[in-house]
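Listed below are the residues making up each chain.
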4 protein chains.
Amino acid sequence: MTDHVHSGLVRQKTYELLALRGVSLEDIADIVLFLQKDYVPDLSTDICLESIEAVLNKREVQNALLTGIQLDMLAEQHQLLSPLQEIIEADESLYGVDEVLSLAIVNIYGSIGFTNFGYVDKIKYGILAELNDKRNGVHTFLDDLVGAVAAAASSRIAHRHRRDMEDTPRQVTESDGP
Amino acid sequence: MTDHVHSGLVRQKTYELLALRGVSLEDIADIVLFLQKDYVPDLSTDICLESIEAVLNKREVQNALLTGIQLDMLAEQHQLLSPLQEIIEADESLYGVDEVLSLAIVNIYGSIGFTNFGYVDKIKYGILAELNDKRNGVHTFLDDLVGAVAAAASSRIAHRHRRDMEDTPRQVTESDGP
Amino acid sequence: MTDHVHSGLVRQKTYELLALRGVSLEDIADIVLFLQKDYVPDLSTDICLESIEAVLNKREVQNALLTGIQLDMLAEQHQLLSPLQEIIEADESLYGVDEVLSLAIVNIYGSIGFTNFGYVDKIKYGILAELNDKRNGVHTFLDDLVGAVAAAASSRIAHRHRRDMEDTPRQVTESDGP
Amino acid sequence: MTDHVHSGLVRQKTYELLALRGVSLEDIADIVLFLQKDYVPDLSTDICLESIEAVLNKREVQNALLTGIQLDMLAEQHQLLSPLQEIIEADESLYGVDEVLSLAIVNIYGSIGFTNFGYVDKIKYGILAELNDKRNGVHTFLDDLVGAVAAAASSRIAHRHRRDMEDTPRQVTESDGP
């Protein structure tokens, strides 16, 4: 029965394809740091990387990444039917399947990530600018998906930061006066 | 500049691919009739077909159909990278990108269509049973997408039915007494 | 600073309101069992309850439940502005905000839950039939939200069942012959 | 039977509540102009207003606005149960129901609007900054919903702009050379 692709294979391929397409986990961590540093004091690259790996371990995220990167690669190799070929190759402005897949990633950590996703996607922060430059190949899906992984990792950090604050016995908050 | 694939081409290819993959507009109309006949008296196949065509004329719907059918076809031709190839070929139960694309179709006519989408997808009504039978090829995306088009067309009919009732000068409703 | 409602309070109120509105965790477990028993052999009520509690511990789920139940209660007390009052009181067929909140719950465990959500919502399984009966008060939001919690718990069980199977050293699958 | 609130009433109340809460259609048009002026030459405030009205005429949009503004008003009047009262009053960063309702609006015109929604929500453009200032009352829902209406109207303009370009008999595009 073929309904048993081992999860380990799916995860491993996800990491392989990200690397193959020029995206390192550090690139994604840069976006997460940019999004969260004003809200989480002492946020480190290591904490961002830990959160990104937790996001990348979700099957829903792996499915979206494998599918989107596959479509980017097929478009680069001119293997898609016309006009889907031209649409993806050109990153057509009326084509929104890339955003649809990205939102499925963001949703996993809840709706508070929508705003961050839209924001980094619009301003093309860091690696997103490189991916968006057509001289570097077809990355119609990947630029959005990377922004979505960063937004999801940011949401996860926000939820954990709250929990950490609540777990601290003598919590120092803005309402604590002398 | 390639960001100008003509809308007419995108629409035409959508209709072509549906036909090529064995789905007629009448097949979809059967699902719409099944979903709406209890709520809209005198609902005809023609009204269903008119609504289905309105749904199919939306660019968001065309994008989802072209992308999903393309992935089905590539999986049938063993052209995808492993393990995505095996996942789509087997219609893996943990793969939800087909549902994600379908929801993008349903959303266009609003959230009242979610329930109908889930329902026909689960009971595999009409053509959906044939598409779901692996002896008939790989239709991992298409069975969900067809259910989504039917659900969207049903929502559209529900909205129009209400408008028609409101436009009738002397409307007879249950609250009309002697 | 008021941006610090303690998570414990939010969780506790969620459980309180479910009980107050007549929904027990066992009622939800019945739906999960119905949805998953054909796919997960030896599925017990205890496993369903454990999964439901994991779903209810998510902040996104708590937010949706608190908001939806609050709107149900306000409609019951005739405290909403017209025509929102009449719309929610009547569970208007063109009102889909209840489905929108429900989908936010389902999304947390990924898109494979959409179908189950739509299905139980349509057939009004178990407690959902009681909630849908207007003689039992206004439950426009709650019936959808309970179906969504059940669908999310089902997705979580499906993901864990796969992991358990993969972790078993000598795995017996359908492809294993003598 | 109460399942027949007239659409005219729902639409009228939507416009009334927007005005009551200090949002004019011109305020929304400013956001649309900001989002689209670089992509649609000769975009006027009148075209933006026409598109905003088309968005506001959608039942899904009206439902989201009525529900969100109602919750803002109830929070302002301290009429919600604790801790939902404190959560909405404070615009709690982990509360995402406002984003969920907003996305239901954006979805109506397709996924190409996600990015614009996140962007204006993040930078708090124009009226959104005023709504976000807690000295002006509780607008936890309204600021997101107004951003969503603007993003949806922008998507609609993008789709129409393409259509207009395609309908022009002798279309001048960048690929037209001598």
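No experiment lies behind these values; they were computed from the predicted model shown. (Residues numbered from 1 in each chain as written. Chains lettered and ligands numbered in written order. Predicted model: local features only at pLDDT ≥ 70, side-chain atom pairs only at ≥ 80, totals over all residues. Heavy atoms only, no water.)

**Q** Would you mind going over unusual backbone geometry with me for this structure?
**A** Across residues other than glycine, the phi torsion is negative in most instances, and most of the peptide bonds are trans. Across the junction of S82 of chain A and P83 of chain A, the peptide omega takes the value 5°, indicating a cis bond. The residue P83 of chain A is located in the loop between α4 (59–76) and α5 (84–89) in this model. The backbone of D91 of chain B shows a phi angle near 50°, a positive value even though the residue is not glycine. (Helix = DSSP H or I, 4+ residues; strand = E, 2+ residues; numbered from the N terminus.)

**Q** Looking at this structure, how should I read the environment of T14 of chain A?
**A** All names here are of chain A. Secondary-structure assignment places T14 in helix α1 (residues 7–20). Relative accessible area serves as the criterion here: at 2%, T14 is assigned to the buried category. Measuring from C-alpha to C-alpha, the distance between T14 and L66 comes to 6.1 Å, with 52 residues separating the pair along the chain. Once you skip the residues sitting within four places of it in the chain, T14 turns out to touch Q62, L65 and L66. (Buried < 20%, exposed > 50% of the residue type's maximum accessible area, 1.4 Å probe, protein only. Contact = heavy atoms within 4.5 Å.)

**Q** So what exactly am I meant to see when it comes to the packing of helix α6 (residues 97–107) of chain A against helix α7 (residues 114–123) of chain A here?
**A** A pair of packed helices is characterised by two quantities: the angle between their axes and the separation of those axes. All names here are of chain A. At a minimum axis distance of 10 Å, the contact between α6 and α7 shows a crossing angle of 140°. By the angle class used here, α6 and α7 are oblique. The two elements α6 and α7 cross, and the hand of that crossing is right-handed. Here E99, S102, L103, V106 and N107 of α6 lie close against α7, whose contacting residues are F114, F117 and D121. Of the residues assigned to the contact of α6 with α7, the class counts are four nonpolar, two polar and two charged. (Axes fitted to C-alpha atoms, helices over the stretch in contact; angles between N-to-C directions. Parallel < 35°, antiparallel > 145°, perpendicular 65-115°, else oblique. Left-handed = near helix turned anticlockwise from the far one by under 90°. Nonpolar A, V, L, I, M, F, W, Y, C, P; charged D, E, K, R; others polar.)

**Q** Even after reading the chapter, I still don't get the relation of the copies chain C and chain D, so can you show me in this structure?
**A** Both copies of the chain are related by one operation, a rotation about an axis with a shift along it. Least-squares fitting of chain C to chain D yields an RMSD of 0.0 Å, with the transformation described by 0.0 Å of translation along the axis and a rotation of 180°. Each copy turns onto its partner about a two-fold axis. Taken together, the interface assignments show that 100% of the residues at the interface of chain C recur at the interface of chain D, consistent with an identical surface on both copies. (Least-squares fit on C-alpha atoms with pLDDT ≥ 70 in both.)

**Q** For this particular structure, what's the right way to read the relation of the copies chain A and chain B?
**A** Between chain A and chain B, which share one sequence, the superposing operator has a rotation angle of 180° and an axial displacement of 0.0 Å; the RMSD is 0.0 Å. Here 100% of the contact residues of chain A are again contact residues in chain B; the copies associate through an equivalent surface.

**Q** Even after reading the chapter, I still don't get the confidence of the model for chain A, so can you show me in this structure?
**A** In low-pLDDT segments, the atomic positions of the prediction should not be examined closely. All names here are of chain A. Across chain A, the average pLDDT comes to 92, with 93% of residues at 70 or higher. Across residues 170–178, where pLDDT falls below 50, the model places seven contacts with residues more than four positions away in sequence or in other chains. Here the prediction assigns the complex a pTM of 0.93, and the interface score ipTM is 0.92. (pLDDT = per-residue confidence, 0-100.)

**Q** Is there a simple way to think about the side chain of H139 of chain C in this case?
**A** Mapping H139 of chain C onto the fold places it in the loop between α8 (127–132) and α9 (140–167). Since its relative accessible area comes to 7%, H139 of chain C is described here as buried.

**Q** Can you help me understand the side chain of R21 of chain C in this one?
**A** Residues and elements named next belong to chain C. Within the secondary structure layout, R21 lies in the loop between α1 (7–20) and α2 (25–36). At 2.9 Å, the side chain of R21 forms a polar contact with the side chain of E76. A distance of 2.8 Å separates a polar side-chain atom of R21 from the backbone oxygen of V138. (Polar contact = N/O pair within 3.5 Å; in protein donor to acceptor, adjacent residues only side chain to side chain.)

**Q** I'm lost on the interface of chain A and chain B in this one. Help?
**A** Size of an interface: often given as the accessible area lost when the parts come together. Each side of the interface is counted separately: chain A has 37 residues, and chain B has 37 residues. Carbon and sulfur atoms supply 67% of the area that chain A and chain B bury against each other, a total of about 3,000 Å² over both sides. Linking chain A with chain B are two salt bridges. The closest approach of N and O atoms between R59 of chain B and E92 of chain A, which form a salt bridge, is 3.6 Å. Viewed at the interface, chain B and chain A are joined by eight residue pairs in polar contact (both at pLDDT 80 or more). Elements that contribute at least two residues to the side of chain A that touches chain B include exactly α1, α4, α5 and α6 of chain A. (Buried area = accessible area lost by both parts, 1.4 Å probe. Salt bridge = Lys/Arg side-chain N within 4 Å of Asp/Glu carboxyl O.)

**Q** What exactly am I supposed to notice about the environment of L18 of chain D here?
**A** Residue and element names in this part refer to chain D. Within the fold, L18 resides in helix α1 (residues 7–20). Separated by 142 residues in the primary sequence, L18 and R160 place their C-alpha atoms 26 Å from one another. Setting aside its immediate chain neighbours within four residues, L18 contacts V23, L56, L65, I69 and L142.

**Q** Help me understand the interface of chain C and chain D, please; the structure alone is not making it clear to me.
**A** Each partner contributes residues to the interface: chain C has 37 residues there, and chain D has 37 residues. Summed over both sides, the interface of chain C with chain D buries roughly 3,000 Å², with 67% coming from carbon and sulfur. Where chain C touches chain D, the interface holds two salt bridges. In this assembly, chain C and chain D are joined by eight residue pairs in polar contact (both at pLDDT 80 or more). Broken down by secondary-structure element, the contributors of at least two residues to the side of chain C that touches chain D are α1, α4 (59–76), α5 (84–90) and α6 (97–107) of chain C. When residues in the side of chain C that touches chain D are grouped by element, the largest group, ten residues, is from α4 of chain C. Across the side of chain C that touches chain D, the residue classes break down as 21 nonpolar, nine polar and seven charged.

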